[in-house]
Amino acid sequence: MGAATTGRLKTTVWLGLLAALVILLAFAAALIGPFAVSPGQVAQAIGRRLAGITDPASQQIDTVLFAVRLPRIAAALLVGAALSAAGAVYQGLFRNPLVSPDILGVSTGAGLGAVLGIFLSLPVVAIQGLAFVGGLATVALVYMVANAVRGHEPTLVLVLAGVVLGALAGACISLVKILADPYDQLPAITFWLLGSLASIRADDVWTAAPAVIIGLVPLVLLRWRVNLLSLGDDEAAALGVDPGRLRILLVAAATLMTASVVAISGVVGWVGLVIPHIARLVVGPNFDRLLPTAMLLGAAYMLVVDTLARTIAETETPLGVLTAFIGAPVFVWLLASGRRSW
Amino acid sequence: MQLSASNLSFGYPGHRVGHDLDLDFGPGEVLCLLGPNGCGKTTLFKTLLGLLPRQGGEIRIGADRLEALRREDIAKRIAYVPQAHDAVFPYSVSDMVLMGRTAHRGLFSSPRSEDRQRVDEALATLGIDDLAGRDYTRISGGQRQLALIARALVQDAPLIVMDEPTASLDFGNQVLVMQQVQRLAATGLGIVLSTHNPDHAFACGTTVLVLAEGTRKALGPPIQVLTGEMLSSIYGVAVSVETLANGSHVCSPQIDAH
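Residues numbered from 1 in each chain as written. Chains lettered and ligands numbered in written order. Predicted model: local features only at pLDDT ≥ 70, side-chain atom pairs only at ≥ 80, totals over all residues. Heavy atoms only, no water.

Novice: Help me understand the sheet that holds strand β9 (residues 207-212) of chain B, please; the structure alone is not making it clear to me.
Specialist: The strands making up a sheet are joined through hydrogen bonds of the backbone, oriented either antiparallel or parallel. All names here are of chain B. Spatially, β6-β7-β8-β3-β9-β10 is the arrangement adopted by the six strands of the open sheet, whose pairing is mixed. Edge positions in the sheet fall to β6 (78-81) and β10 (215-220), since each has one partner strand and no second. For this sheet, the mean angle separating the axes of adjacent strands, direction not counted, is 15 degrees. The pairing of strand β7 (residues 159-162) with strand β8 (residues 190-194) spans four bridges and is classified as parallel. Among the inter-strand pairings, V161 is bridged to a residue of β8, identified as V192. In the packing of helix α5 (residues 141-154) onto the sheet, the strands contacted are β6 and β7, and the crossing angle to β6 comes to about 170 degrees. Sitting on the sheet, helix α6 (residues 171-186) touches β3 (30-34), β7 and β8, and the angle it makes with β8 is about 155 degrees. (Pairing = 2+ DSSP bridges. Helix = DSSP H or I, 4+ residues; strand = E, 2+ residues; numbered from the N terminus. Axes fitted to C-alpha atoms, helices over the stretch in contact; angles between N-to-C directions. Contact = heavy atoms within 4.5 Å.)

Novice: Looking at this structure, I do not really get the packing of helix α4 (residues 106-119) of chain A against helix α5 (residues 124-148) of chain A. What am I missing?
Specialist: How two helices pack is summed up by the angle between their axes together with the distance between the axes. Residue and element names in this part refer to chain A. Where α4 contacts α5, the two axes come as close as 7 Å, and the packing angle between them is 145 degrees. Two packed elements cross with a definite hand, and for α4 against α5 that hand is right-handed. Two secondary-structure elements touch here, α4 through V106, G109, A110, G113, A114, L116, G117 and I118 and α5 through I127, L130, A131, G134, G135, T138 and V139. Among the residues forming the contact of α4 with α5, the class breakdown is nine nonpolar, six polar and no charged. (Left-handed = near helix turned anticlockwise from the far one by under 90°. Nonpolar A, V, L, I, M, F, W, Y, C, P; charged D, E, K, R; others polar.)

Novice: Could you clarify how one ought to interpret the interface of chain A and chain B in this entry?
Specialist: The parts lose accessible area when they come together, and the size of an interface is often stated as this lost area. Tallying the contact residues gives 36 residues for chain A and 38 residues for chain B. Between chain A and chain B, the buried area comes to about 3100 Å², and carbon and sulfur atoms account for 58% of it. Between the two partners, chain A and chain B, sit three salt bridges. Between R289 of chain A and D95 of chain B there is a salt bridge, with its nearest N and O atoms 3.9 Å apart. The interface formed by chain A and chain B contains 13 residue pairs in polar contact (both at pLDDT 80 or more). Of all elements in the fold, only α1 (2-31), α3 (59-93), α9 (223-229), α10 (233-238) and α13 (287-311) of chain A reach the threshold of two or more residues within the side of chain A that touches chain B. When residues in the side of chain A that touches chain B are grouped by element, the largest group, five residues, is from α9 of chain A. (Buried area = accessible area lost by both parts, 1.4 Å probe. Salt bridge = Lys/Arg side-chain N within 4 Å of Asp/Glu carboxyl O. Polar contact = N/O pair within 3.5 Å; in protein donor to acceptor, adjacent residues only side chain to side chain.)

Novice: Whenever I open this one, the pattern of salt bridges confuses me. Can you help?
Specialist: Overall, the coordinates contain 26 salt bridges over all chains when judged by the stated rule. R72 of chain A is the partner of D306 of chain A in a salt bridge, and the nearest nitrogen-oxygen pair spans 2.8 Å. On the criterion of sequence distance, the pair formed by D306 of chain A in helix α13 and R72 of chain A in helix α3 is long-range, its members being 234 residues apart. Note on R72 of chain A: relative accessible area 7%, which makes it buried. In this structure, E67 of chain B engages R54 of chain B in a salt bridge whose closest nitrogen and oxygen atoms are separated by 3.0 Å. Taken as a pair, E67 of chain B in the loop between β5 (64-65) and α2 (71-77) and R54 of chain B in the loop between α1 (41-48) and β4 (56-61) lie far apart in primary sequence, 13 residues in all. Salt bridges sharing common partners tie together R101, R105, R112, E114, D115, R118, E121 and D156 of chain B. (Buried < 20%, exposed > 50% of the residue type's maximum accessible area, 1.4 Å probe, protein only.)

What follows is the structure in structure tokens.
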């Protein structure tokens, strides 16, 4: 009783602090950039927007804030939260702390779909749709291959199947790149594959957000059952859960979340692997607490990384580059810190 | 509530493990399953729990056929205690036990505070309340087995299936687990368990089912079924059954026999 209560209290405190941190970071990110804006100006601009007043003298500030920075901040929060939530679900469902949207090939598969969309000059919604189909098809193939290859360490087979099919999707992406228009489409594809929020517009956020929320609904509703699925099918079934249908629904939901943010941000690796790990270290594996913690941590992390991406150099640094530089050492540290359990 | 199987065939798709099996147990009974490695005990349990489709015959829990019940209804009638395993994620012991309450809550709901109270009671019943906040991955095998039994208790099922509850436990923990089995049966639960130790069947079994090559070799009270002759024939080694001064029975394998 005592332990459980203090555990939940600790989690509530953590979540409150994290939420405050995210808001603080978002406010700070709005100030940072080549066009300096003071905290007072941000507050006034938001006040004007809420009151519906237009002030010709402050038009430049309004444009910087509402057309450039705030959509980008919102996109960073959305991408970070969605990838972390998806990563946490995949890790639970596949009973493996090493899987993530990248390792399962979901990101590359979604990438292939989106690259095809860019190649065919389709609108954002269609690119999102193709990204979703590509991501879901890849994760289904990975799962089928892993199921078909029996008699080996299942975790290893799953990860290897993801790597192999990811490589195959990567090869298809290369093929599309060769066929793409070198002046118009190729730079867009290349930049997109490294991940970037540089060209984000408010419209993009409004297209991606509903899909992310739709994907999130089953995760929130079924959050307790994700715990049971992480025990394995037989045990989950004996405890009264139908593992088959639940697993398919949750994988589809996590894939929808991944694909819809990949469609606007490009391939941003490592977030879905590292953030759920850190969240688990903080609040433990109970998905009830893990999901909100991972989402808030992921949102904060992505916002910091994206703010770095647009400020540390004259030109934009691709997000995928930064998350790899940060994520890889952190992951090695996690492995080396020798926790036998995750 | 009574679990009964008649004329049961079981196995994996394309591979029959056992056949023509009848068994029946209910409240207050401890049915001990004995048999050599690979005789089909685990497959039988999975079939009784509906985790594997039966290949023939019939299983009834109470008045209903097993296939007519939904997953959560099966879980409310029969609980499963797997062999103490390594969990992938470090759930706290109380969260691990709390998962036993799932069948009693709706699809979208998480356990409530009264469920947590049930968990605390079950942990106290098994004498492991001090483990509530510990990581399930960081307690001993015996403690894990007791935690899994606690999980089965909060499931509120009148019947419990235990797959080798004493496997890989040290001597003290084996005794501890068998004591709990006996106490639970005394409270009116029906328990079926598999074991590799005939002494456990003597200690707390009300009925023994000897399984060999997937079918019933003997069924009855331990003292009648577990003769030296029977044990020798199951395990292929010479065994005699001795009666101690206090009236209890033990098996004595003849290790030095030539």
